[in-house]
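Geometric and topological summary
The residues making up each chain are set out below.
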Amino acid sequence: QVQLVESGGGLVQPGGSLSLSCASSATDFSSYSMGWYRQLPGKQRDCVAKIYNKDGHTRDEDFAKDRFITSRDDAKKMTYLQINNRKPEDTGVYYCRDLTKRVWGQGTQVTVSS
């Protein structure tokens, strides 16, 4: 069973960048497509972006195109989500998902507040 562990969340001030990381235990990680999701307070869990295997092509949701950058490092079995120009409305729990194996990470809390 693949395990995913997110890190990098916390309490941050508006502005600046924040990088979230997701470590995978998969032995053939490069074969899997990955995704980042978030659950804002009182809302359902929504997709932020997906990054596909092989060519690393990304597909961002409309709201994420301006400030969110998704990347992956197959050698390290890592997926990253960079949030630029942090805003209070980014506050929520961010989840990593292995789209191929349909596995969720435990999530990491991001709180943007002054």
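Our subject in this report is the structure included herewith. Keep in mind it's a predicted model, so treat the numbers as computed, not measured.

The final tally for this structure, using the stated rule, is one disulfide. Two residues, Cys22 and Cys96, share a disulfide whose sulfurs are 2.1 Å apart. Disulfide Cys22-Cys96: torsion about the S-S bond near -75°, hence left-handed. Separated by 74 residues along the polypeptide, Cys22 in strand β3 (residues 17–24) and Cys96 in strand β9 (residues 92–98) bring together distant segments of the chain. No disulfide involves Cys47; its sulfur sits 11 Å from that of Cys96, the nearest cysteine. For Cys47, a relative accessible area of 13% gives the class buried.

What follows covers the sheet that holds strand β7 (residues 68–73). As summarised here, the arrangement of the four strands in space is β1-β3-β8-β7, forming an open sheet in which the pairing is antiparallel. Two strands lie at the open edges of the sheet, namely β1 (4–7) and β7, each paired on one side alone. Ignoring strand direction, the axes of neighbouring strands in this sheet form an average angle of 15°.

Each value, and the rule that gives it
- Residues numbered from 1 in each chain as written.
- Predicted model: local features only at pLDDT ≥ 70, side-chain atom pairs only at ≥ 80, totals over all residues.
- Heavy atoms only, no water.
- Disulfide = S-S within 2.5 Å.
- Helix = DSSP H or I, 4+ residues; strand = E, 2+ residues; numbered from the N terminus.
- Buried < 20%, exposed > 50% of the residue type's maximum accessible area, 1.4 Å probe, protein only.
- Pairing = 2+ DSSP bridges.
- Axes fitted to C-alpha atoms, helices over the stretch in contact; angles between N-to-C directions.

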